[in-house]
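Single-letter residue listing:
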Amino acid sequence: MSDSENPQPLPPQQPQPPQYGAYQQPQAPGYNTMSIVAFILAFFVSVVGIILGFVALSQIKRTGEQGRGLALAAVIIGFVEVAIGILVFVLVLIGVGIAASHGYRNY
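Conventions adopted
- Residues numbered from 1 in each chain as written.
- Predicted model: local features only at pLDDT ≥ 70, side-chain atom pairs only at ≥ 80, totals over all residues.
- Heavy atoms only, no water.
- Helix = DSSP H or I, 4+ residues; strand = E, 2+ residues; numbered from the N terminus.
- Buried < 20%, exposed > 50% of the residue type's maximum accessible area, 1.4 Å probe, protein only.
- Phe/Tyr/Trp six-rings, centres within 6.5 Å; stacked < 30°, edge-to-face > 60°.
- Patch = residues over 30% accessible without salt bridge, like charges linked within 9 Å, V, L, I, M, F, W, Y side chains within 5 Å.
- Areas by Shrake-Rupley, 256 points an atom, 1.4 Å probe, with all protein chains shown as cover.
- Salt bridge = Lys/Arg side-chain N within 4 Å of Asp/Glu carboxyl O.
- Polar contact = N/O pair within 3.5 Å; in protein donor to acceptor, adjacent residues only side chain to side chain.
- Contact = heavy atoms within 4.5 Å.

Chemist: Account for the overall build of the protein, with residues named and values stated.
Modeler: Along the protein, the regular secondary structure elements total three helices and zero strands. Mapped from its N terminus to its C terminus, the protein presents α and β elements in the order α-α-α. Taking all 107 residues of the protein together, the buried fraction comes to 15%.

Following this line, the structure appears as C-alpha cells:
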C-alpha cells in the first residue's frame, strides 16, 4: 500500500491567537467641541460663551477630553466682557444724568 492511495487525516487545527503588532499608545481623546464653540462665542455673545464654557468644563471632567484651557478662557473672557459692558452702561447712565441735570441752555 502506498500513502498516496489512502491519505492520512490532518490533525485538528488549533485556533491561532491574534497576532498583535508593535505596542501602540492609546490615542488621546480629541478636543471637546463645546469648548471650541464656547471660546469663539465668548467674543461675540459673552453670556452664551460663559454658559457653554461651564458645560464644556463639566463634560471635559467627565470624559477626559482635551480643551479645558479653551473652556476656561471662554468663561474668563465672557465674564470680563460682561463686566466691561456693565461698566460702560453705568458710565453712560452717569453721563446722561449729568447732561440732563445741566439742561439745554440757549443763550
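Chemist: Before we move on, can you summarise the packing of aromatic side chains with the specific residues and values?
Modeler: Geometry of an aromatic ring pair is reported as the spacing of the ring centres plus the angle between the planes. Here the structure, examined in full by the defined rule, presents two aromatic pairs. Where Phe39 meets Phe43, the ring centres are 5.3 Å apart and the plane angle is 90°; that geometry is what we call edge-to-face. Taken together, the residues Phe39 and Phe43, both in helix 1 (residues 33-44) and four residues apart, mark about one turn of the helix. Here Phe39 falls in the partly exposed class, since its relative accessible area comes to 26%. The partly exposed category is assigned to Phe43, whose relative accessible area is 43%. Each ring, one from Phe54 and one from Phe79, has its centre 6.3 Å from the other, and the planes form 65°; the classification is edge-to-face. Of this pair, Phe54 sits in helix 2 (residues 46-63) while Phe79 sits in helix 3 (residues 68-102); the two residues are 25 residues apart in sequence, bridging distant segments of the chain.

Chemist: How would you summarise a nonpolar patch on the surface if you had to cite specific residues and measurements?
Modeler: Judged by side-chain polarity, Ile86, Leu87, Phe89, Val90, Leu91, Leu93, Ile94 and Ile98 come together as a nonpolar surface patch covering roughly 790 Å² of accessible area. Summarising the element assignment, Ile98 is placed in helix 3. Owing to a relative accessible area of 47%, Ile98 belongs among the partly exposed residues under this scheme.

Chemist: Lay out the side chain of Asn32 with the relevant residues and their values.
Modeler: Counting through the fold element by element, Asn32 comes out in the segment before helix 1. Judged by its relative accessible area of 2%, Asn32 is buried. In terms of polar contacts, Asn32 uses its side chain to reach the side chain of Glu65, at 2.9 Å. Not counting chain neighbours up to four residues away, the residues in contact with Asn32 comprise Ala56, Gln59, Ile60, Glu65 and Gln66.

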